Amino acid sequence: MFYILLSFKRLLDAELLKFAREVVSLMKGNAKYTDEQSQVTAVEAQIEVFQVASTKAADGTTAFINDSNTQREDLLAKLVVLAKLLEVHTTEGQAFFTEAGFVVRQKPVKSDAPLRMPVIEDVLRDVKSGSIRGMLKDFPKGVRQIAVEFSEDNGITWRNGTYSTGKRFKLEGLVPRQDYLVRVRYVGTFQRMSDWSEAKQIFVL
């Protein structure tokens, strides 16, 4: 899946006219773009209107300059509509868009594959009494956050600890001078959750 870059909006007037004419030349009458022909015609007509306005604005008259700016924005708007019409073709390859004269970028595809089990790299006592901090080995793409749980009875029961949007986490309010087990799981897009990690033990001061 691709989307069209709107970088043509930053072109100077002469460059914009050249770009728009190239798009029309590539798409007009092309059977590949049958559904877009009416918009191609609208772009072609606005090119000529903008060309006339731009030529008149060259003498520096404020009214002509304002009109030229208005016609430029109208041409840009029509090009954007054309680009959006092309983007409706979500199953087409890159050539479909580049052969129409546009520059594209591939849209990232969100994965719905199962999330692998996280690995806790380290769990350490924090400076504040009753608190610990930890870190995972990584934070894969597609993971929104990590869920952290802790156990006071060697894993017989588990309690919700905290959530983190990165691979580091912190737990506070634990009972000092007690052993705890800590485990985490990934929470990802599409309501995916990984298996719980192997638990790490720590003595809280």
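Computed from a predicted structure; not experimentally measured.

J.: Would you take a moment to explain the overall build of the protein chain for this structure?
T.: Counting its regular elements, the protein chain contains four helices and nine strands. The order of α-helices and β-strands along the protein chain, N terminus first, is β-α-α-α-α-β-β-β-β-β-β-β-β. What you see for the protein chain is a C-alpha radius of gyration of 29 Å, clearly larger than the 17 Å of a compact globule of 205 residues, by over 25%. Seen along its three principal axes, the alpha-carbon backbone of the protein chain occupies a region of about 85 × 40 × 20 Å. Burial statistics for the protein chain: of 205 residues in total, 37% are counted as buried. Excluding contacts between residues fewer than 6 apart, the proportion of contacts in the protein chain whose partners are at least 24 apart in sequence is 64%. Here the protein chain displays about 12,200 Å² of accessible surface, and carbon together with sulfur accounts for 51% of that area.

J.: Would you take a moment to explain unusual backbone geometry for this structure?
T.: For residues besides glycine, phi is generally negative; the peptide bonds are generally trans as well. Of note in the backbone geometry, Asn154 takes a positive phi value of approximately 60 degrees without being a glycine. Mapped onto the secondary structure, Asn154 falls in the loop between β5 (143-151) and β6 (159-164). In this structure, Arg177 is a non-glycine residue whose phi angle is positive, near 55 degrees. Topologically, Arg177 is positioned in the loop between β7 (168-171) and β8 (178-188).

J.: Help me understand the pattern of salt bridges, please; the structure alone is not making it clear to me.
T.: A side chain of one charge can pair with a side chain of the opposite charge when the charged atoms of the two come close. Taken as a whole and judged by the stated rule, the model has 11 salt bridges. Among the ionic pairs, Lys32 bridges to Glu99, the shortest N-O distance being 2.4 Å. Of this pair, Lys32 sits in the loop between α1 (13-27) and α2 (37-57) while Glu99 sits in the loop between α4 (94-98) and β2 (104-106), and the two are 67 residues apart along the sequence. By sharing partners, the salt bridges in this structure join Asp126, Arg133, Lys170 and Glu172 into a single network.

J.: Help me understand the packing of aromatic side chains, please; the structure alone is not making it clear to me.
T.: Pairs of aromatic rings are described using the distance from one ring centre to the other and the angle between the two planes. What the rule picks out here adds up to seven aromatic pairs. Geometrically, the ring pair formed by Phe2 and Phe97 is tilted, given 6.1 Å between the ring centres and 50 degrees between the ring planes. Within this pair, whereas Phe2 is found in strand β1 (residues 2-4), its partner Phe97 is found in helix α4, the two being separated by 95 residues in sequence. The exposure class of Phe2 is buried, given its relative accessible area of 13%. Using a relative accessible area of 1% as the deciding quantity, one classes Phe97 as buried. Measuring from ring centre to ring centre gives 5.8 Å for Phe19 and Phe102, while their planes differ by 80 degrees; the resulting arrangement is edge-to-face.

Analysis parameters
- Residues numbered from 1 in each chain as written.
- Predicted model: local features only at pLDDT ≥ 70, side-chain atom pairs only at ≥ 80, totals over all residues.
- Heavy atoms only, no water.
- Helix = DSSP H or I, 4+ residues; strand = E, 2+ residues; numbered from the N terminus.
- Rg over C-alpha atoms; globule rule 2.2 N^0.38 Å.
- Buried < 20%, exposed > 50% of the residue type's maximum accessible area, 1.4 Å probe, protein only.
- Contact = heavy atoms within 4.5 Å.
- Areas by Shrake-Rupley, 256 points an atom, 1.4 Å probe, with all protein chains shown as cover.
- Salt bridge = Lys/Arg side-chain N within 4 Å of Asp/Glu carboxyl O.
- Phe/Tyr/Trp six-rings, centres within 6.5 Å; stacked < 30°, edge-to-face > 60°.

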